[in-house]
Amino acid sequence: MSKVLVATEKPFAKAAVEGIKKIFSEAGFETILLEKYTDPNDLIKAVSDVDALIIRSDKATREVIQAGKNLKIIVRAGAGYDNIDLAAAKEKGICAMNTPGQNSNAVAELALGMMVFMARGQFKGISGSELKGKKLGIHAYGAVGKNVSRIAKGFGMACYAFDPFLKKEDIEKDGVTCLNSAEDLYSSCEYVSLHIPANEKTKKSIGLSLMSMMPKGATLVNTARKEVMDEESLKKIFAERPDFKYISDIAPDCHADLLQYAERYYSTPKKQGAETAEANINAGLAAAYQIVNFIKNGVRTYQVNK
Ligand code: 3PG
């Protein structure tokens, strides 16, 4: 009988866990649950005899992967797979997958919510501004970026996007203006919403030069990854520009240094972009189906370490 470990330091909603268990029990698989663990050794121990692993932002390090003696597949129930040591998985012939698009609406709704929160003075009762008529720059136009543009248009925002991996027509068919560079995006938009993954090319890529280009009173919204920010630049821009605003779903390491600018800076206490029952059900069930399909039929759709 195949064994699947669902290891979620930040647990899925109950309905998602029930759905995952049902899929595995119908497939004749056993589900093992490891939730709210705080010690990475707990994951290392729990993975030792399982065939498959479902994780969220949990870290599938080389150590975890090597401890999985029977491990054949790891599915990141979500979009970003920067938490999986892909090379270590490949060396052991383990298939790593994500579940693209499954939690993207939840993240997009949070991004727009964050814009309203900042535009309205963090709901402290002072006069703010409206999103209608403002220019929104979407940095990377994947599943989350697409949902952001759909919702932002409802607010009456003018949407722009920069994505070097997409054709102009794939962006413009959504009524979004395609720009040719990050510089064009940051210099023309009052709001920029980040949707780039964290990888060797993007880490620390949002620095002083891009942020300095943003128009007066601009807001940068980060529901992507803290690693894409150059934090020295972030501290500098706050010190240099009393009009600059930054809101993040992932606290930067320099969080304590930015608290002095609390009227222009906010970070959620814990990453919550994909923390909705709907997103948990979509991503969790997709991950379970992908595992069943891989183990029973060898299907490798959404493999990210080919
Ligand atoms: C993702 O990459 O899918 C999001 O960042 C959500 O991450 P989470 O599942 O840890 O909330």
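Now for a quick tour of the structure.

Cut-offs and rules
Residues numbered from 1 in each chain as written. Predicted model: local features only at pLDDT ≥ 70, side-chain atom pairs only at ≥ 80, totals over all residues. Heavy atoms only, no water. Pairing = 2+ DSSP bridges. Helix = DSSP H or I, 4+ residues; strand = E, 2+ residues; numbered from the N terminus. Axes fitted to C-alpha atoms, helices over the stretch in contact; angles between N-to-C directions. Contact = heavy atoms within 4.5 Å. Near = heavy atom within 4 Å. Polar contact = N/O pair within 3.5 Å; in protein donor to acceptor, adjacent residues only side chain to side chain. Areas by Shrake-Rupley, 256 points an atom, 1.4 Å probe, with all protein chains shown as cover. Nonpolar A, V, L, I, M, F, W, Y, C, P; charged D, E, K, R; others polar.

Considering the sheet that holds strand 2 (residues 30-35)
No. 1: The strand order across the open sheet formed by five strands is 2-1-3-4-5, and the pairing between neighbours is parallel. Each edge of the open sheet carries a strand with a single partner, namely strand 2 and strand 5 (95-98). Across the sheet, the mean angle from the axis of one strand to that of its neighbour is 15°, orientation sign disregarded.
No. 2: The pairing of strand 1 (residues 3-8) with strand 3 (residues 52-55) spans four bridges and is classified as parallel. Of the residues in strand 3, the one forming a bridge with Val-4 is Ala-52.
No. 3: On top of the sheet, helix 1 (residues 14-27) reaches strand 1, strand 2 and strand 3; it is set at about 155° to strand 2, its chief contact.

A closer look at the side chain of Ser-2
No. 1: The topology assignment puts Ser-2 in the segment before strand 1.
No. 2: If we ignore the near neighbours within four places in the chain, the residues touching Ser-2 are Gly-28, Phe-29, Glu-30, Asp-51 and Ile-295.

Quick word on the sheet that holds strand 6 (residues 135-139)
Sheet strands pair via backbone hydrogen bonds, and the direction of the pair is either parallel or antiparallel.
No. 1: What the seven strands build is an open sheet, ordered 8-7-6-9-10-11-12; its pairing is parallel. One side of each edge strand has no neighbouring strand; the edge strands of this open sheet are strand 8 (177-178) and strand 12 (265-267).
No. 2: Where strand 6 and strand 7 (residues 158-162) come together, five bridges link them in parallel fashion. Within strand 7, the position partnered with Ile-138 by the bridge is Ala-161.
No. 3: Docked against the sheet, helix 6 (residues 143-154) engages strand 6 and strand 7, running at close to 170° with respect to strand 6.

Notes on the site of the ligand
No. 1: Surveying the vicinity of the ligand reveals the residues Lys-10, Arg-56, Ser-57, Arg-76, Gly-78, Ala-79, Gly-80, Asn-103, Arg-225, Lys-271 and Ala-274.
No. 2: One of the side-chain N or O atoms of Arg-56 is found 2.9 Å from an oxygen atom in the ligand.
No. 3: Between Arg-76 and the ligand, the recorded distance is 3.0 Å, taken from a side-chain N or O atom to an oxygen atom.
No. 4: Against a free-state accessible area of 320 Å², the protein chains account for coverage of 95% of the ligand.
No. 5: When the residues that make up the shell around the ligand are grouped by side-chain class, the tally is two nonpolar, four polar and five charged.

None of the figures reported here should be taken as evidence of function without further support.
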